[in-house]
Amino acid sequence: MLRSPLLALLRPSLYHNSNGAGVDVLLRRCIASAAPAEEEDASRDAFSSQTAAEAAAAAAAGKRSAPLLVPFSLTPSGALAAFVRYQKSRCFSLHAGDLLGAGYSLQPAFLPFYLFEAVISAEAIATLGRRVDKSSKSSPLVWSKMQQWQQISSQLLLPRTEPCMQVYASYRLRRDLAEAAKPAPSTLEAALSVTAEDVRQRQHRDSVAGSAAAAYKAASELAAASADASSAAASAAGTSSSSSSSSSSSSDRPSSSSSRSSSSSSSSSSSSSDSSSSRAGSSSSSRAPGMVPLDEPDMRQAIAWQLCHRQMMHQQVEAAVAHFKQHSGADDVRDLQVRLTVHRRSVRLAYLPAYHLHYVHGEKYTPSRADIVPAEYDAVIGGAACGKVTAELHPSPVKSQAAAAAAVGSLGLGVMPLTSLALGLDPGLAALAGADTVLLAVLAGTAAGALASRLPLIARNRHAAEQAAAERKFYRQYDQRETAYGSAPDEHTLWLWKDSDWRKWEQEERWAWDPVQRKKWAEELFRQQGQRHADRLAAAKQQEQKSKQRDEDEARESKREARFGRSRHHHAGHAGHGHHQESGARMAHQQHGHSRRRRDFLGYYKALGINLEEASAAISSDAIKSHYKAAALKLHPDKHVHADEATQKRSAERFRRLQLAYETLRDAEKRRAYDRGQLVQ
């Protein structure tokens, strides 16, 4: 039996229980069902009645799939080395050399992921553009709209090893940072099964990542040593003890400029370690040596499925564009719609290894406090062998200055002598050009240093601009698909709306990520989208009932008139409106299927420029909208700002009447009432 993907999206989470607590709820959240979608409804009731012991016994017996766990393959020192290599390669060896010198915390954790597996089919329809001259890229495109849906994929299996089928099941970390924990397919296939004891204790013994606390301790000692050195230098320079004590009191984030004694250094480093551990989900003091915490999957499975469905849709959109370009000879595609059908699906919870790196680098200005404070950053390094890294880039301003100055200087000083020699220029002119080259090198170095120091801010501003552009694109697409007033949006419009909602949830203000607020936002979006779909179904059902009732009334009236003729009451009720002249049109409607004659008793059609004598039997809402736009361009008051006062008043009145006509005729129900000669409010 096939299921609608939207019904699957709106199905409540299989193991969500907002009132439960303790081990019972913990196991229900962690042990994910591997049953397909057709069997989920039957298995939900059976699983909800299980106790924790029964669930653990069933998992041990193989009746229900226990969560997977990928062990760590990367040591803490290897994770730090991978982070440095990432900065070096992405910054072209111009990275800051003291990234971790001001203090950092490195915490290992097993991040929860929902691994979905689905069998899908996809259909698409679009408007295809083909060039008149295939050999010339400047040749104009000829657009043609497809009349039928085309099959893009049929019974396509998307395994859980696909990145689009892996959804981070928590709100603790930013979504883009958690992407680093996704392993390679070969690593996932060698995953272990989590025991019930590990699930109860929310931790798992891992010999590779068990030394992460030592990695932080070494960093604390390094920060303390640099702080002691700076303290000694400050004391030699006559620094007051009050400034030293105030600096040591703020050593929760150790920096090279803070001064403190060795005892305060050890206490502050332990407090910083505890705070960093609490950021990672549990403190090192609350765990046994060698144990790594299992983060709780606090995201509802239904919300995770919506995020997975969104990624599948994006994948099929790309596949549809490639399909049309390859098989239909299209050079461009627009107005693309994809219809996705999920035949069956299954899900399994997996814990993937990752290191959460929190570090201090540089300074930033906080408007709320009107102060300059140390800038804090987060990064995630995958704990698998590949060691994927997600972090912000930190190029060194000094290295950037030197590289830019050297590049410009060597280019100028190397080219100018050769040019002078080849062209026979005056040596004095060549010396003057060399001085200009040195000046250009200095300016280039200064600009490169300023750009490197502001790169994180530039990246955030660019991200904000991309989000604003995506929002404008959504509103433009939504406006193009505007339906009649009061009618429910179609499936594709709902998809555009939902896609925009989750994009904003994932991307907007991600540097100010608050897990509690993001969870509330996600729950509210899930509720709103379910309500929109329910409203659409109710509106479609109501519209179907109205259409059915209208057809029944017209059939009943036609039978009565055929048997008894038109009643006197019918003539008297419509004589004042000239309906006695429409008997011929009514007979033509019954014989040829044409619509009844419209009445333009207020001149609304005329105001829009529609000639009812020449118009077809059916005037659509799109035709009303196109006529309105054409008339609005001519009658808009801005077109007559330089005319006399009488012309301006006349144009304003005509434009007001045009808007009134459009508001009445754009809605199909109001338009039918107006065609019957009824006043519409």
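Structure's up top.
Keep in mind that what you see is a predicted model, and the values were worked out from it rather than measured.

S.K.: So, the overall build of the protein: which residues are in play, and what are the values?
M.R.: Per the secondary structure count, the protein includes 23 helices and eleven strands. Across the 681 residues in the protein, those meeting the buried criterion constitute 42%. In the form shown here, the protein has an accessible surface area of approximately 35,900 Å², with 55% of it arising from carbon and sulfur atoms.

S.K.: Help me get a handle on a nonpolar patch on the surface, residues and values and all.
M.R.: Judged by side-chain polarity, Leu-439, Leu-440 and Leu-443 come together as a nonpolar surface patch covering roughly 300 Å² of accessible area. Here Leu-443 shows up in helix α14 (residues 427-453).

S.K.: Got a sec to walk through the packing of aromatic side chains? Specific residues and values, please.
M.R.: On inspection of all chains with the given rule, the structure shows 14 aromatic pairs. Aromatic side chains Phe-72 and Phe-110 sit 5.1 Å apart centroid to centroid with 65° between the ring planes, which places their arrangement in the edge-to-face category. Here Phe-72 is found in the loop between β1 (68-69) and α5 (76-90), whereas its partner Phe-110 is found in strand β2 (residues 104-131), with 38 residues between them in sequence. Each member of the pair Phe-72 and Phe-110 is classed as buried. One Lys or Arg, Arg-339, reaches over the ring of Trp-149 and ends 4.0 Å from the middle of that ring. One residue, Arg-345, lies across the ring of Trp-305, its end atom 4.5 Å from the ring centre.

S.K.: Could you give an account of unusual backbone geometry, with specific residues and numbers?
M.R.: In this model, Gln-155 sits at a positive phi of 50°, which is unusual for a non-glycine residue. Accessibility expressed as a relative area gives 47% for Gln-155, which makes it partly exposed. Although it is not a glycine, Asp-335 adopts a positive phi angle of roughly 50°. Positionally, Asp-335 belongs in strand β9 (residues 332-366).

S.K.: Describe helix α16 (residues 491-507), listing the residues and the values that go with them.
M.R.: For α16, which comprises 17 residues, the first-to-last C-alpha distance of 24 Å matches the rise-based estimate of 24 Å (1.5 Å per residue) to within 8%. Here α16 lies mainly inside the structure; 14 of its 17 residues are buried. Following α16 by one or two positions, Glu-509 has its phi on the positive side, about 50°.

S.K.: Can you tell me about the environment of Leu-349, naming the residues and giving the values?
M.R.: As for its placement among the helices and strands, Leu-349 is situated in strand β9. Residue classification places Leu-349 among the buried positions, given a relative accessible area of 0%.

S.K.: Talk me through the packing of helix α22 (residues 645-665) against helix α23 (residues 668-675); I want residue IDs and the actual numbers.
M.R.: It is the contact of α22 with α23, at a shortest axis distance of 6 Å, that shows an interaxial angle of 105°. The angle between α22 and α23 falls in the class roughly perpendicular. Facing Glu-663, Thr-664 and Leu-665 of α22, the residues of α23 in contact are Lys-670, Arg-671 and Tyr-674. Within the contact of α22 with α23, the residues separate by chemical class into two nonpolar, one polar and three charged.

Criteria and cut-off values
- Residues numbered from 1 in each chain as written.
- Predicted model: local features only at pLDDT ≥ 70, side-chain atom pairs only at ≥ 80, totals over all residues.
- Heavy atoms only, no water.
- Helix = DSSP H or I, 4+ residues; strand = E, 2+ residues; numbered from the N terminus.
- Buried < 20%, exposed > 50% of the residue type's maximum accessible area, 1.4 Å probe, protein only.
- Areas by Shrake-Rupley, 256 points an atom, 1.4 Å probe, with all protein chains shown as cover.
- Patch = residues over 30% accessible without salt bridge, like charges linked within 9 Å, V, L, I, M, F, W, Y side chains within 5 Å.
- Salt bridge = Lys/Arg side-chain N within 4 Å of Asp/Glu carboxyl O.
- Phe/Tyr/Trp six-rings, centres within 6.5 Å; stacked < 30°, edge-to-face > 60°.
- Lys NZ or Arg CZ within 6 Å of the ring centre and 35° of its normal.
- Expected span 1.5 Å × (residues − 1).
- Axes fitted to C-alpha atoms, helices over the stretch in contact; angles between N-to-C directions.
- Parallel < 35°, antiparallel > 145°, perpendicular 65-115°, else oblique.
- Contact = heavy atoms within 4.5 Å.
- Nonpolar A, V, L, I, M, F, W, Y, C, P; charged D, E, K, R; others polar.

Bear in mind that shape data such as this cannot, by itself, settle questions of function.
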